[in-house]
Amino acid sequence: MTLRRREWLKTLAGASVGALGLPLIDRAHAQTTKRVEPPLALKDYQPKSMLHVPETHVPRSRFPNIDFHTHLTGVDRKGKSDVLTHAATVEEVLRVMDAKNIRIMVNLTGGYGPLLEEALRHWQQPHPDRFIVFTEPWYAKITMPNYAKFQGEQIEAAKRAGARGLKILKTLGLYLRENVTTGPLVKIDDKRFDQMWEAAGALDMSVAIHVSDPEAFFLPTDRFNERYEELSAHPDWSFHGRDYPSNAELQEARNRVMQRHPRTKFVALHTADSENLPYVSECLDRYPNMYVDIAARIGELGRQPRMSRKFFDKYQDRILFATDATPHGDETPQQIFGNELYEIYYRFLETEDEYFDYAPAPIPPQGRWRIYGIGLPEQILKKVYYENAARLLGL
Ligand SMILES: [Zn+2]
């Protein structure tokens, strides 16, 4: 036995607890690590996984897909008027679509009135087999006394112009107020939108509706908040306090709309309430006109892979492939349109890989965790990638 080993054993056997109450061996350790640098800032911490697990590269989806949720255009306010902005060139988008096996992209934020016409002219008309454009409500007109009728008629006009569906941003419920930007918040189930929901149903335009946001956005941005870093970087994303309704109130208001308009098909975007799949399942059971997409929520679905897998099994006819892709979006890495984004989605849906990043970013942007693939079988993949969306879009 070497001297060193004997000394070491003596330490263990002799006096195992020192004067500080710490085992001597720990005290020795504490002394060697005492003179450490200032603590590492959380934002600089980028741990690399040491797991030796299979890494599957999925460059193309196993079947052609429809990305049901993208933002190729958006409405911006310039001075007093709204303008339509294009996030990328058509050629640039088509190149990624061809490489990644994306048959069709649905551009949800196509605007309204003349802006919608421009979005259609730019994307859908030259490439009707590749791009589909949805319209949006003309919220600035909410102060008009006959807004309900006006908005219903706008949907009919949008359909005539070529729009294939209606997009509702979380603006409704969280930003839109009685005087547009001031006054009380307008509720999701406000009667002034009834004619709009009815028109969409009558014209076979599905409604892509985003209500609420991640549950953590409704809680204080403190040390218990699982999305602390994201909310610290974007304090305006927090809906905690002020006059904001709770996540549950927003979800229930949407449910009342679906109940009141059974002929209208609603796609609850971002898996409706992706942290609470038992609740989403209840909603899907209760409202046969409800569907969901998975856009920007594989971070949530992928950290509960067993529950997600059962969810996909049970609702395989009502879940749509979607990413929320936004070309050149820089604030939300989980949405940046490009090859990398699609490969992560395909890996999540098609493989059983373990513990991988849900976004192309050095730090997981929606919470510090990683995800697991759910390895869907081919017949479910076909439905989720293409068939479910094709049915809703009337293809
Ligand atoms: Zn979106």
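Residues numbered from 1 in each chain as written. Predicted model: local features only at pLDDT ≥ 70, side-chain atom pairs only at ≥ 80, totals over all residues. Heavy atoms only, no water.

K.L.:
How should I be thinking about the overall build of the protein chain in this particular structure?
P.N.:
Secondary structure assignment for the protein chain yields 14 helices and 10 strands. Out of the 395 residues in the protein chain, the part that is buried amounts to 52%. Taking the contacts inside the protein chain whose residues are at least 6 apart along the sequence as the reference set, 73% of them involve residues at least 24 apart. On the protein chain, roughly 19300 Å² of surface is accessible, and the fraction owed to carbon and sulfur atoms is 54%. Seen as two clouds, the 52 positive and the 53 negative side-chain charges of the protein chain have centres 3 Å apart. (Helix = DSSP H or I, 4+ residues; strand = E, 2+ residues; numbered from the N terminus. Buried < 20%, exposed > 50% of the residue type's maximum accessible area, 1.4 Å probe, protein only. Contact = heavy atoms within 4.5 Å. Areas by Shrake-Rupley, 256 points an atom, 1.4 Å probe, with all protein chains shown as cover. Lys, Arg positive; Asp, Glu negative; His and termini not counted. Charge placed at Lys NZ, Arg CZ, Asp CG, Glu CD.)

K.L.:
Explain empty space enclosed by the protein to me, please; I cannot follow it from the model alone.
P.N.:
Which parts of space are left empty comes out when a probe the size of a water molecule is rolled across the atoms. Enumeration over the complete set of coordinates arrives at 2 cavities of 30 Å³ or more. For the largest cavity, the calculated volume is near 70 Å³. Lining the largest cavity are 14 residues, with Asp-213, Pro-214, Ala-272, Asp-273 and Arg-297 positioned closest to its centre. Of the residues contributing to the lining of the largest cavity, the split by class is 4 nonpolar, 6 polar and 4 charged. Size it by volume and the second largest cavity reaches roughly 30 Å³. Every residue along the wall of the second largest cavity is listed here: Ala-296, Arg-297, Ile-298, Gly-299, Gln-334, Tyr-345, Tyr-358 and Gln-366. Considered class by class, the residues forming the lining of the second largest cavity number 4 nonpolar, 3 polar and 1 charged. (1 Å grid on protein atoms, 1.4 Å probe; cavity = no way out; pocket = protein on both sides within 12 Å on 5 of 7 lines; lining within 4 Å. Points joined across faces, edges and corners; volume = space filled by probe spheres on them. Nonpolar A, V, L, I, M, F, W, Y, C, P; charged D, E, K, R; others polar.)

K.L.:
For this particular structure, what's the right way to read the nonpolar core?
P.N.:
In this structure, Phe-193, Trp-197, Met-290, Phe-312 and Leu-349 are the most contacted members of the largest nonpolar core, which totals 94 residues. Ranked by residues supplied to this core, first place goes to helix H13 (residues 339-350) with 7 residues. Setting aside residues no more than four positions away along its own chain, Trp-197 makes contact with Leu-166, Ile-168, Leu-172, Ile-188, Val-207, Ile-209, Val-257, His-261, Thr-264 and Phe-266. (Core = buried A, V, L, I, M, F, W, Y, C linked by side-chain atoms within 4.5 Å.)

K.L.:
I tried to follow the layout of surface pockets on my own but got confused; where do I start?
P.N.:
In this structure, the largest pocket encloses a volume near 1400 Å³. The set of elements that each furnish at least two residues to the lining of the largest pocket consists of strand S2 (73-78) and strand S3 (81-86). Considering each element in turn, the lining of the largest pocket owes the most residues, 5 residues, to S2. Its volume calculated, the second largest pocket comes out at about 480 Å³. Glu-55, Arg-347, Tyr-355, Phe-356 and Asp-357 are the residues nearest the centre of the second largest pocket, which is lined by 20 residues in total. Each residue belonging to the lining of the second largest pocket can be placed in one class, and the counts come to 9 nonpolar, 3 polar and 8 charged.

K.L.:
Can you walk me through the pattern of salt bridges in this structure?
P.N.:
Between side chains of opposite charge, pairing is possible as soon as their charged atoms come close. Enumeration over the complete set of coordinates arrives at 26 salt bridges. One salt bridge connects Arg-62 with Glu-350, and the closest N-O pair in it is separated by 3.6 Å. Of this pair, Arg-62 sits in the loop between helix H2 (24-32) and strand S1 (65-70) while Glu-350 sits in helix H13; the two residues are 288 residues apart in sequence, bridging distant segments of the chain. Across the salt bridge formed by Arg-370 and Asp-357, the nearest N and O atoms sit 3.0 Å from each other. One end of the pair, Arg-370, is in the loop between H13 and helix H14 (378-393); the other, Asp-357, is in the loop between H13 and H14, with 13 residues separating them in the sequence. Given a relative accessible area of 14%, Arg-370 falls into the buried group. (Salt bridge = Lys/Arg side-chain N within 4 Å of Asp/Glu carboxyl O.)

K.L.:
Can you help me understand the coordination of the zinc ion in this one?
P.N.:
For a metal bound by four donors in a tetrahedral arrangement, the ideal donor-metal-donor angle is 109.5 degrees, while six donors in an octahedral arrangement ideally sit at 90 or 180 degrees. All of the protein donors around the zinc ion are His-69 (NE2), His-71 (NE2) and Asp-324 (OD); their distances to the metal are 2.1 Å. Linear spacing of the donor residues for the zinc ion on their chain is H-x1-H-x252-D. With a gap of 255 residues between them, His-69 in strand S1 and Asp-324 in the loop between strand S10 (319-320) and H13 connect regions that are remote in the sequence. Judged on exposure class, the residue His-69 and its partner Asp-324 are both buried. (Donors = N, O, S within 2.8 Å, 3.2 Å for Na, K, Ca; no water.)

K.L.:
In this structure, what is going on with the sheet that holds strand S8 (residues 266-268)? I would like to understand it.
P.N.:
The pairing of strands in a sheet comes from backbone hydrogen bonds and takes either a parallel or an antiparallel form. Taken in spatial order, the 5 strands line up as S6-S7-S8-S9-S10 in an open sheet, and their pairing is parallel. The sheet is open, and its two edges are formed by strand S6 (165-168) and S10, each paired on a single side. Relative to strand S9 (residues 290-293), S8 is paired through 3 bridges, and the arrangement is parallel. When the sheet's bridge partners are listed, Val-267 is paired in S9 with Tyr-291. The sheet contacts of helix H9 (residues 247-260) involve strand S7 (206-209), S8 and S9, and relative to S8 the element is tilted by about 160 degrees. (Pairing = 2+ DSSP bridges. Axes fitted to C-alpha atoms, helices over the stretch in contact; angles between N-to-C directions.)

K.L.:
Could you clarify how one ought to interpret the side chain of Asp-273 in this entry?
P.N.:
Turning to its location among the elements, Asp-273 is positioned in the loop between S8 and helix H10 (277-286). Buried and unpaired, Asp-273 has Arg-254 as its nearest opposite-charge partner, separated by 7.1 Å. Here Asn-247 takes part through its side chain, which lies 3.3 Å from a polar atom of the side chain of Asp-273. The residues touching Asp-273, leaving out its near neighbours within four places in the chain, are Glu-215, Asn-247, Gln-251, Tyr-279 and Val-280. (Polar contact = N/O pair within 3.5 Å; in protein donor to acceptor, adjacent residues only side chain to side chain.)

K.L.:
Would you explain the side chain of Gln-151 in this entry?
P.N.:
Relative to the elements of secondary structure, Gln-151 occurs in helix H5 (residues 147-161). Residue contacts for Gln-151: discarding those within four places in its chain leaves Pro-137, Trp-138 and Met-196.

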